[in-house]
Amino acid sequence: MDILAQLVERFVNYRSSLYSDSILDDQFTELLKLQDESNPDFVVEVASLFFQDAEKIINNIASALKQGPVDFKQIDANVHQLKGSSSSIGAGRVKNTCVAFRAYCESQSFEGCLRCLQQVRHECTLLKSKLDMLFMLEQQILTAGGSIPPIK
Amino acid sequence: MNEFGERTSSHCNNEECKITCNKRVSLLQQSMRSNSCVTKKSLDGLRILLAEDTPVLQRVASIMLEKLGARVLAVGDGLQAVKALNCEVDSEGTESGQHSSNEKRISLAKMQFQSFYLVPMDSQILKMDGYRATKIIRKSEDGTGMHIPIVALTAHGMSSDEAKCMEVGMNAYLTKPIDYELMVSTIMSLTRRKDSMDEE
């Protein structure tokens, strides 16, 4: 198998694993469809926007949980925003964590919120490292003169 | 009236009528999805004011619309959306009672409303939520003959949210994450109707 074919196979397997592990969902596929010659870096750009936004939100939530009394409505509003943006880029596990997080906000469970904050932080970090790897594998294929195979 | 010349629930005088009108909009949106004919420049020439405060969603929605030929102005809160349409608000973000002369107000409104064909609006946007912004926009249209289509972008998708959207005068709603084809077919349907009403 030549080098390009190996790179493509590695990329396809890696990308599939992100979907099978629910790190990404179908909405990410929809984002890929919006990328074209006029917006070649669209997905990278949107991912970057997401991580900037997520960091701000996570910091807001962390601050809110340190204050007494805890404003669960404010935390819920932040989680709602994170849920919206994560679902829009197809960040499946981040979104699912936000769903659980909102339930703890509703029941005003401090411990539950704290656990979810840690979980959402972990999921965002994981997502970032996975996407960084995905984009790097993509770039390797393009540099080798190949093209990115579409998702089946 | 909605974009189909049908009575909207904002004009309904009882719950049964509201439920019927809302069901009609839901069915219509379902049929629009199945009859979708999205082409590359389906929204060519449309000027769209997008009111969405989440940067990621703003970017994704803008690209979705621009890919289909629309020109998008994105604003980050409901107050900016209301001001972009030249609705008069006081410093507290409520509709001002101090209007300029009626004639001047009408011509200003017509000029500004004609700048945009449609407004997709996050229902829970900051500073002034989509429901309140829509009420102000609709009030500003009084006496002008104008009616800018407003589409709610809501995270919830519950029937109570749907009812609330129609109650304040929104024309349709989309739930997040946005379904690309449904968004386009919704917009095409609303702007087609607006064009034919403007011609009358």
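Because the structure is predicted, anything quoted here is derived from the model rather than measured.

1. Some points on the side chain of Thr134 of chain B
All names here are of chain B. Among the secondary structure elements, Thr134 is positioned in helix H5 (residues 130–141). When its relative accessible area of 0% is taken as the criterion, Thr134 is described as buried. When residues no more than four places from it in sequence are discounted, the contact partners of Thr134 are Met121, Ile150, Val168, Gly169 and Met170.

2. Describing the interface of chain A and chain B
Contacts between the two partners involve 20 residues from chain A and, on the opposite side, 15 residues from chain B. Here chain A packs against chain B, burying approximately 1,600 Å² in sum over the two surfaces, 66% of which is carbon and sulfur. Applying the counting criterion to the chain A and chain B interface returns two salt bridges. Here Arg59 of chain B makes a salt bridge to Glu45 of chain A, at a shortest N to O gap of 2.2 Å.

3. Description of the nonpolar core
Phe50, Val94, Phe101, Leu127 and Leu131 of chain A together with Leu43 of chain B are the most contacted members of the largest nonpolar core, which totals 68 residues. Ranked by the residues each element gives to this core, the list is headed by helix H3 (residues 42–66) of chain A, at 13 residues. Those residues in contact with Val94 of chain A that lie beyond four places of it in its chain are Phe50, Leu82, Ser86, Val120, Glu123, Cys124 and Leu127 of chain A. Listed in part, the 21 residues of the second largest apolar core include Leu85, Ile148, Val168 and Met170 of chain B.

Cut-offs applied
Residues numbered from 1 in each chain as written. Chains lettered and ligands numbered in written order. Predicted model: local features only at pLDDT ≥ 70, side-chain atom pairs only at ≥ 80, totals over all residues. Heavy atoms only, no water. Helix = DSSP H or I, 4+ residues; strand = E, 2+ residues; numbered from the N terminus. Buried < 20%, exposed > 50% of the residue type's maximum accessible area, 1.4 Å probe, protein only. Contact = heavy atoms within 4.5 Å. Buried area = accessible area lost by both parts, 1.4 Å probe. Salt bridge = Lys/Arg side-chain N within 4 Å of Asp/Glu carboxyl O. Core = buried A, V, L, I, M, F, W, Y, C linked by side-chain atoms within 4.5 Å.

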